[in-house]
Amino acid sequence: MSIYAKVEGNTVIKYPYGLIDLKNDNPNVSFTSEALSKEESRCSFGVTEVIEVEKPIKAGWKTVEETPTLSNGVWSQNWNHSAKSMDELVDGDVLKVDE
């Protein structure tokens, strides 16, 4: 399944962005259910495809999706890690050391 963002210049205006958003932003335009899958349709309305990046997993850390980033003309998902609080840790987050 593809994901999209509404972009103006090099700034993401809305992410994720779907067909309902496109219709709400353009109430006087009729869109087919495949409107976002067609590059020419997306470009006409400032919508771009965002390349999916596998969510990285790191024990002891929360992974949070942030605003997509632009690199070499391609928008990609962006992930950030932040340390889990003591209450959020689970058994798999803690390194066990045998004595």
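Residues numbered from 1 in each chain as written. Predicted model: local features only at pLDDT ≥ 70, side-chain atom pairs only at ≥ 80, totals over all residues. Heavy atoms only, no water.

Draft legend 1. Expanded view of the environment of Gly-9. Within the element layout of this structure, Gly-9 appears in the loop between β1 (3-8) and β2 (11-14). Between the alpha carbons of Gly-9 and Leu-22 there is a distance of 18 Å; along the sequence they are 13 residues apart. (Helix = DSSP H or I, 4+ residues; strand = E, 2+ residues; numbered from the N terminus.)

Draft legend 2. Here's a closer look at the nonpolar core. Grouped together as the largest cluster of nonpolar side chains are seven residues: Tyr-4, Tyr-17, Leu-22, Phe-31, Ala-35, Leu-36 and Val-47. With residues near it in sequence (within four places) discarded, Leu-22 still touches Tyr-17, Phe-31, Ala-35, Leu-36, Phe-45 and Val-47. Of all hydrophobic cores here, the second largest spans six residues; its members include Ala-5, Val-7, Val-50 and Trp-75. (Core = buried A, V, L, I, M, F, W, Y, C linked by side-chain atoms within 4.5 Å. Buried < 20%, exposed > 50% of the residue type's maximum accessible area, 1.4 Å probe, protein only. Contact = heavy atoms within 4.5 Å.)

Draft legend 3. Region of interest: the pattern of salt bridges. Applying the stated rule across the entire model yields three salt bridges. Note that Lys-14 is salt-bridged to Asp-21, the shortest N-O span being 3.4 Å. On the basis of relative accessibility, which here comes to 18%, the residue Asp-21 falls in the buried class. (Salt bridge = Lys/Arg side-chain N within 4 Å of Asp/Glu carboxyl O.)

Draft legend 4. Structural view of the sheet that holds β1. The mixed open sheet is built from five strands, whose spatial order is β2-β1-β3-β5-β4. Each edge of the open sheet carries a strand with a single partner, namely β2 and β4 (61-71). The mean inter-strand angle of the sheet, taken between neighbouring strand axes irrespective of direction, is 50°. Of the pairings in the sheet, the one linking β1 to strand β3 (residues 47-51) comprises four bridges and is antiparallel in character. Paired with Tyr-4 across the two strands is Glu-49, which belongs to β3. (Pairing = 2+ DSSP bridges. Axes fitted to C-alpha atoms, helices over the stretch in contact; angles between N-to-C directions.)

Draft legend 5. Quick look at the environment of Asp-91. The residue Asp-91 is located in the segment after β5 (74-83) in this model. You can call Asp-91 exposed: its relative accessible area is 64%. Spatially, the C-alpha atom of Asp-91 lies 9.6 Å from that of Gly-60, the residues being 31 residues apart in sequence.

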